[in-house]
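# Coordinate analysis (summary)
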Amino acid sequence: MAQPAPASGGEAAWRRWIVGGVASTVANLVNGRSVETAYRLASRASSPATLHSIQAWKLRRTLHHVARHSAFYRRLFRQRGVDVASISHPAELGDLFTTPQDLVDHAEDFLCRPPQVLYETTGTSGRRKTLYYSYDEVETATTLMAVGLYHVGIRARDRVISTSDYHYWSGGPWFARAVTKLGSFGAFPGKIAPEEVYRRLADHRYDVLIGDVSWILRLTELAREQGAPPLRLIVGASEGLPRRSREFIEEVWGARMFMCYGSTEGAGGMECRFRSGYHLNEFGFLFEIIDPDADGTGELVFTTLDRTTMPLIRYRIGDVAKLIEDPCECGIVTRRLSPLRGRSDEIIMLGGEGVAPALFESILNEVPEASGNWQVAIRRDGHRDVCELRLELDGGDLAGAAQHVQDVLRAKFDTTWKDHQLGLFDLRFTEVPRGSLRQERKLRRVVDERERD
Ligand SMILES: [Zn+2]
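Model, not experiment: these values are computed from the prediction.

### Brief notes about the overall build of the protein chain
From N to C terminus, the protein chain includes 13 helices and 21 strands. A burial count over the protein chain gives 42% of its 453 residues as buried. The contacts of the protein chain with a sequence gap of at least 6 include a subset with a gap of at least 24, amounting to 68%.

Written out as structure tokens, the structure reads:
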């Protein structure tokens, strides 16, 4: 356990009542329009002790809520003999977790009240997970994003372009809402061709750019070739950012770049100006690292503390990282999440989207030239990701196989095809000798060969 369970089980009723009052006041301020007030509160007017008290109070409230209203947790708690009244920290739930597959299989069973908004995100099986929210919950989440953007220096006077994607997920609409809360001028075209945005950059006088890392890299390559109008700030999302790619982006634009960590499941964080990890929203989520190694790195798990529509208890988001306990120079009390070290499942980030091995499996099943022996390697070429399909052919030739793969990708996987068409990753095909891929006992279908630093 990276964080000791706060001792709150035997807390006096009057103290619980006061902590509850403080927690609701914080929530109201954060939910209100005052991003500046929320920012001051999060960064200055709290201590780790206050934070732990608020977390313990909210956890108790959430556990009682799901035990009463969520069919999924009612069932799970009954099967495991969990008495929610006795739980003061999620770690006391032992090996009880919520998995992404639970969201794929039983999304509606999680609901505690009628939802108002729906998002989807990639599941490992290739089927999408559904997440439900209320309007209020979206407002809270986007106010906190606004607080993060305010902290790195975005203000009302800025002209912001966000190319975070619109599909069934939350990135595009949430960034748009967060920027409008800052009062900045904004354009939110979604993930369109980088060339389209490049043409307008100088005319529209944007000084802040928000987008997925692979998209920003593509725009930066254009700017390096054709000239870069000045930007002041860049915010990257959705993928890891190797150090040399950050240096490349900052050098071309003459701007500082900050990264954020986010998920459709709602948990997120943002780098501060010291850029030493993502400050997490520990007022709204309780984070744990399970099975940490000697260094403290392990699988990230979170429990939602404010949500009442579809609360999640000990949700295994799949990211591998560590929690940084040392106080940050910026003064914000919440802990930071280290840059991600990988995934605990097989999802890979490609062109800003999570891709499951099941996607390649269902494509290659329809390619007559491909034998059952194939492997997908994700590599980097310069600053661009390359998705290399290594195929042992079963008749036909490589060009035919490549054509069939692209046909199926275009017809069945619209978002991945779109990312490919936008130039966010290259697709390459390599024929390998028959029998060469089955050297290891178990053939790893997808291997990520990109450097992490
Ligand atoms: Zn900081």
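Okay, back to it.
### A short note on the sheet that holds strand β19 (residues 384-393)
Strand order in the open sheet made by the four strands is β20-β19-β18-β21, with mixed pairing throughout. Each edge of the open sheet carries a strand with a single partner, namely β20 (425-431) and β21 (446-448). The mean inter-strand angle of the sheet, taken between neighbouring strand axes irrespective of direction, is 20 degrees. By the bridge criterion, three bridges tie strand β18 (residues 370-381) to β21 in an arrangement that is parallel. Considered in β21, the bridge of A377 is made with V447.

### Thoughts on the packing of helix α8 (residues 194-204) against helix α9 (residues 213-226)
At a closest axis distance of 10 Å, the pairing of α8 and α9 adopts a crossing angle of 55 degrees. By the angle class used here, α8 and α9 are oblique. For the crossing formed where α8 meets α9, the hand is right-handed. Contacts from P194, E195, V197 and Y198 of α8 reach α9 at W215, R218, L219, L222 and A223. Class assignment of the residues belonging to the contact of α8 with α9 gives a composition of seven nonpolar, no polar and two charged.

### Considerations on the nonpolar core
The biggest cluster of nonpolar side chains holds 101 residues, and the ones touching the most others in it are I234, V235 and F302. Each of two domains, domain 1 (1-345) and domain 2 (348-448), supplies a minimum of three residues to this core. When neighbours within four sequence positions are excluded, F302 is seen to be in contact with A267, F285, L286, F287, Y315 and I317.

### With respect to the pairing of strand β10 (residues 285-290)
Remark: a regular strand shows side chains that alternate across the two faces of the sheet. Within β10, five of the six residues are buried, leaving the element largely enclosed by the surrounding structure. Pairing of β10 with strand β11 (residues 298-304), which is carried by six bridges, proceeds in the antiparallel orientation. When the bridges of β11 are listed, I290 appears paired with E299.

### Some words on the sheet that holds strand β5 (residues 208-212)
A sheet is described by the order of its strands in space; here nine strands give the open sequence β4-β3-β5-β6-β7-β8-β9-β14-β13, paired in mixed fashion. What marks the edges here is a single partner per strand, and that holds for β4 (185-187) and β13 (323-324). One ladder, built from three bridges, connects strand β8 (residues 269-271) with strand β9 (residues 278-280); its direction is antiparallel. Paired with G269 across the bridge in β9 is L280.

### Structural notes on the pairing of β5
In terms of burial, β5 is largely enclosed, as five of its five residues are buried. Note that strand β3 (residues 159-162) and β5 share three bridges and pair parallel. Residue V160 lies in a different strand from β5, and its bridge partner there is V208. Across five bridges, β5 lies against strand β6 (residues 233-237) in parallel orientation. The partner of G211 across the bridge, within β6, is G236. Note that the unit made of β5, α9 and β6 has a crossover that is right-handed.

### Overview of the environment of S245
Summarising the element assignment, S245 is placed in helix α10 (residues 243-253). In contact with S245, other than residues within four places in its own chain, are L217 and H383.

### Considering the packing of helix α6 (residues 135-151) against helix α7 (residues 171-181)
Where α6 meets α7, the axes come as close as 8 Å, and the angle between the chain directions of the two elements is 65 degrees. Like other packed secondary-structure pairs, α6 and α7 cross with a definite hand, here right-handed. For the pair formed by α6 and α7, the contact residues are A141, T142, T143, M145, A146 and L149 on the first element and W174, F175, R177, A178 and K181 on the second.

### Points about α7
Looking only at α7, the buried set comprises G171, W174, F175, A176, A178, V179 and K181. G183 sits one or two residues past α7 and shows a positive phi near 80 degrees.

### A closer look at the environment of D95
Summarising the element assignment, D95 is placed in the loop between α4 (71-80) and α5 (100-106). D95 sits in the exposed class, given 7 other C-beta atoms within 10 Å. Separated by 219 residues in the primary sequence, D95 and R314 have C-alpha atoms spaced 9.6 Å apart.

### A closer look at the environment of F188
Within the secondary structure, F188 sits in the loop between β4 and α8. Assessed through the 18 C-beta atoms surrounding it within 10 Å, F188 is described here as partly exposed. Remark: the alpha-carbon pair of F188 and D165, spanning 23 residues in sequence, is separated by 9.1 Å. Not counting the four nearest positions on each side in its chain, F188 is found in contact with S162, G172 and A176.

### Concerning the confidence of the model for the protein chain
Close inspection of predicted coordinates is inappropriate in any region flagged by low pLDDT. The share of residues in the protein chain with pLDDT of 70 or more is 89%, and the mean pLDDT across the chain is 89. Confidence, expressed as mean pLDDT per element, reaches its minimum in the protein chain at helix α1 (residues 13-31) with 60 and its maximum at β3 with 98. Predicted confidence for residues 1-9 stays below pLDDT 50, and this span has 18 contacts to residues more than four positions away or in other chains.

### Topic: unusual backbone geometry
One non-glycine residue, R205, lies in the positive phi region at around 55 degrees. If you trace the backbone, R205 turns up in the loop between α8 and β5. One non-glycine residue with positive phi stands out, namely R314, at about 50 degrees. Residue position: R314 is located in the loop between β11 and β12 (315-321). C-beta crowding within 10 Å serves as the criterion here: with 19 such atoms nearby, R314 is assigned to the partly exposed category.

What counts as what
- Starting from 1, residues in each chain are numbered consecutively following that chain's sequence as written.
- Local features in this predicted model are restricted to residues of pLDDT 70 or higher, and side-chain atom pairs are both shown and tallied only at a pLDDT of 80 or more, whereas totals for entire chains, interfaces and linings draw on every residue.
- Helix numbering and strand numbering both begin at the N terminus, where a helix is a DSSP run of H or I of at least 4 residues and a strand a DSSP run of E of at least 2.
- Exposed residues have 12 or fewer other C-beta atoms within 10 Å of their own C-beta, buried residues have 20 or more, and partly exposed residues fall in between, where C-beta atoms are placed from the backbone.
- For every residue pair, C-beta atoms are placed from the backbone, and the pair is scored as a contact if these atoms sit within 7 Å.
- Should DSSP find at least two bridges between two strands, the strands are taken to pair.
- Convention adopted: a line fitted to C-alpha atoms gives each axis, helices being fitted over their contacting stretch, and angles between N-to-C directions are expressed from 0 to 180 degrees.
- Orientation categories follow fixed angle ranges, with anything under 35 degrees roughly parallel, anything over 145 roughly antiparallel, 65 to 115 roughly perpendicular, and all other angles oblique.
- Note on convention: near helix rotated counterclockwise from far helix by under a right angle means a left-handed crossing. Clockwise means right-handed.
- Here the nonpolar group is Ala, Val, Leu, Ile, Met, Phe, Trp, Tyr, Cys and Pro; Asp, Glu, Lys and Arg are the charged ones; every other residue, Gly included, is treated as polar.
- Connectivity within a nonpolar core runs through C-beta atoms within 7 Å, and the core itself is a set of buried Ala, Val, Leu, Ile, Met, Phe, Trp, Tyr and Cys residues.
- Domain borders in the structure are assigned automatically or taken from a domain database.
- Throughout, right-handed denotes a crossover for which the path from the first strand over the helix to the second runs clockwise when the strands point away from the viewer.
- How sure the predictor is of each residue is captured by pLDDT, a score from 0 to 100.

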